[in-house]
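# Working through the structure, step by step
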Amino acid sequence: MNLYILRHGLAVEPGTPGDALDADRPLTPKGERKLWQIAEAMAALELSFDIILSSPYLRARQTAEIVAEAFKARKKLEFSDSLAPGGSPKKLMEFLDRLKPAPESVMLVGHEPYLSGLVSLLVSGDASFPVVMKKGGLCKLVIESLESGRCAELEWLLTPKQMALMA
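Only a predicted model underlies this, so the values are computations on that prediction, with no experimental measurement involved.

Looking now at the sheet that holds strand E4 (residues 105–110). Note on sheets: strands pair through backbone hydrogen bonds, and any given pair is parallel or antiparallel. Read from one edge of the open sheet, 6 strands run E3-E2-E4-E1-E5-E6, paired in mixed fashion. Each edge of the sheet is formed by a strand with only one pairing partner; in this case those strands are strand E3 (77–79) and strand E6 (152–158). Ignoring strand direction, the axes of neighbouring strands in this sheet form an average angle of 20 degrees. Here 6 bridges tie strand E5 (residues 138–143) to E6, and the two strands are oriented antiparallel to one another. Counted as the bridge partner of Cys139 is Leu157 from E6. Across the sheet, helix H4 (residues 114–124) lies against strand E1 (2–7), E4, E5 and E6, angled at about 155 degrees from E1, the strand it touches most.

Before going further, it helps to examine the nonpolar core. The biggest cluster of nonpolar side chains holds 24 residues, and the ones touching the most others in it are Leu3, Ile5, Leu92, Leu96, Leu108 and Leu122. In terms of residue count, H4 provides more of this core than any other element does, 5 residues in total. Sequence-distant contacts of Ile5, that is, excluding residues within four places in its chain, are made with Leu108, Leu115, Leu118, Val119, Met133, Gly137, Leu138, Cys139 and Leu141. Core analysis: the second largest hydrophobic core is formed by 23 residues, Leu27, Met42, Leu47 and Ala64 among them.

A few words now on the layout of surface pockets. Put simply, the largest pocket is a space of about 180 Å³. Of all the elements in the fold, those that place two or more residues in the lining of the largest pocket are helix H1 (29–44) and helix H5 (160–166). Top contributing element to the lining of the largest pocket by residue count: H1, with 5 residues. Counted by class, the lining of the largest pocket contains 5 nonpolar, 4 polar and 4 charged residues.

Once that is clear, we can look at the pairing of E4. The buried fraction of E4 is high, at 6 of 6 residues. Because side chains alternate across E4, one face comprises the buried residues Ser105, Met107 and Val109, and the other comprises Val106, Leu108 and Gly110, equally buried. Pairing between E1 and E4: 6 bridges, direction parallel. Looking at E4, one finds that Arg7 is bridged to Gly110. Here strand E2 (residues 51–54) runs beside E4; their pairing, made up of 4 bridges, is parallel. Bridged to Ile51 within E4 is Val106.

Quick look at a positive patch on the surface now. On the surface, Lys30, Arg33, Lys34, Lys134 and Lys161 cluster together into a positively charged patch. Here Lys134 lies in the loop between H4 and E5.

Turning our eyes to something else, we now look at the packing of aromatic side chains. All chains considered together, the criterion is met by 3 aromatic pairs. Judged by centre distance (5.6 Å) and plane angle (85 degrees), the ring pair of Tyr4 and Phe49 falls under edge-to-face. With Tyr4 in strand E1 and Phe49 in the loop between H1 and E2, this residue pair connects regions lying 45 residues apart in the sequence. Given a relative accessible area of 4%, Phe49 falls into the buried group. Measuring from ring centre to ring centre gives 6.0 Å for Tyr4 and Trp156, while their planes differ by 45 degrees; the resulting arrangement is tilted.

Here we take up the environment of Ile143. Within the secondary structure layout, Ile143 lies in strand E5. Judged by relative accessible area, Ile143 falls into the buried class, the value being 2%. Put simply, Ile143 and Ala64 are 79 residues apart on the chain and 22 Å apart in space, counted from C-alpha to C-alpha. Once residues lying within four places of it in the same chain are set aside, the contact partners of Ile143 are Met1, Leu3, Leu122, Cys151 and Ala152.

The rules behind each value
- Residues numbered from 1 in each chain as written.
- Predicted model: local features only at pLDDT ≥ 70, side-chain atom pairs only at ≥ 80, totals over all residues.
- Heavy atoms only, no water.
- Pairing = 2+ DSSP bridges.
- Helix = DSSP H or I, 4+ residues; strand = E, 2+ residues; numbered from the N terminus.
- Axes fitted to C-alpha atoms, helices over the stretch in contact; angles between N-to-C directions.
- Contact = heavy atoms within 4.5 Å.
- Core = buried A, V, L, I, M, F, W, Y, C linked by side-chain atoms within 4.5 Å.
- Buried < 20%, exposed > 50% of the residue type's maximum accessible area, 1.4 Å probe, protein only.
- 1 Å grid on protein atoms, 1.4 Å probe; cavity = no way out; pocket = protein on both sides within 12 Å on 5 of 7 lines; lining within 4 Å.
- Points joined across faces, edges and corners; volume = space filled by probe spheres on them.
- Nonpolar A, V, L, I, M, F, W, Y, C, P; charged D, E, K, R; others polar.
- Patch = residues over 30% accessible without salt bridge, like charges linked within 9 Å, V, L, I, M, F, W, Y side chains within 5 Å.
- Areas by Shrake-Rupley, 256 points an atom, 1.4 Å probe, with all protein chains shown as cover.
- Salt bridge = Lys/Arg side-chain N within 4 Å of Asp/Glu carboxyl O.
- Lys, Arg positive; Asp, Glu negative; His and termini not counted.
- Charge placed at Lys NZ, Arg CZ, Asp CG, Glu CD.
- Phe/Tyr/Trp six-rings, centres within 6.5 Å; stacked < 30°, edge-to-face > 60°.

So this is what it looks like as structure tokens:
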């Protein structure tokens, strides 16, 4: 399985008037523009997804919707509380493992520090292995057999600036 992990784009700051709940913080206009560039870079890399699974938080949902629209994959878009801050990597792995037919290519969209911890867990078996994912950063893991622990190889980790150069 190719597992693509995308951190949500630039969002309004916590405590911004009108956005009382963290879950309701939207992307900024700049964040939306950058994500369209990132989606162009993904297309240049000839990526495809069997499923796009996102945190239900607004900024992650908007990020996933931009990717789904760019790839004409709205029907492949789903949401999971397992990708919300404080979500369970184990429950996420169990959900992915139950998908039939087994997907070959999965996009996950979520938040920090959850995503870095997930990459660390799958690559090293230790969720505290230091990995930094910038807002709009994209990671590719290759997995032979999915499990909650060391099961993946890190193929690449791209910053938004690197992807903007590819778009």
